[in-house]
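Architecture at a glance
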Amino acid sequence: MTFTLIFTEQYNRRAARFLKRHPDLEKQYLKTLQLLEMNPHHPSLRLHPLIGRLQGLHSVSINLSYRITLEMLIHDEEIIPINVGDHDAVY
């Protein structure tokens, strides 16, 4: 089962800023998005639900320092990225 990534304009702007600041992470970032589409539960993504004020969102890892927060609509097989950045920026 594959999922559909739905990118909002707001997320696209955040991602563009992130990649401008971290051009060395572009390959890892794109690989993370591809894996997310194919299998969001892949162990290397370290998918986990968030709690507190971000309850209802999930997070996946680009690497040990950087994350993507997202909304997962499992029943519709859709994933909507919300934010991308380092741990402190996205949480």
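Residues numbered from 1 in each chain as written. Predicted model: local features only at pLDDT ≥ 70, side-chain atom pairs only at ≥ 80, totals over all residues. Heavy atoms only, no water.

An unreviewed UniProt entry annotates the chain as Plasmid stabilization protein of Candidatus Gallionella acididurans.

Here we look at helix α1 (residues 9-21)
Taking 1.5 Å per residue as the helical rise, α1 with its 13 residues ought to reach 18 Å, and the 19 Å between its terminal C-alpha atoms agrees with that figure. Among the residues of α1, those classed as buried are Tyr11, Ala15 and Phe18. Down the axis of α1, the buried set is contained in an arc of 60°. They therefore lie on one face. Opposite the packed face of α1, turned more than 90 degrees from it, sit the exposed residues Glu9, Lys20 and Arg21. Close packing links the buried residues of α1 with α2 (26-38), β4 (66-73) and β5 (78-86). (Helix = DSSP H or I, 4+ residues; strand = E, 2+ residues; numbered from the N terminus. Expected span 1.5 Å × (residues − 1). Buried < 20%, exposed > 50% of the residue type's maximum accessible area, 1.4 Å probe, protein only. Arc of directions from axis to C-beta. Contact = heavy atoms within 4.5 Å.)

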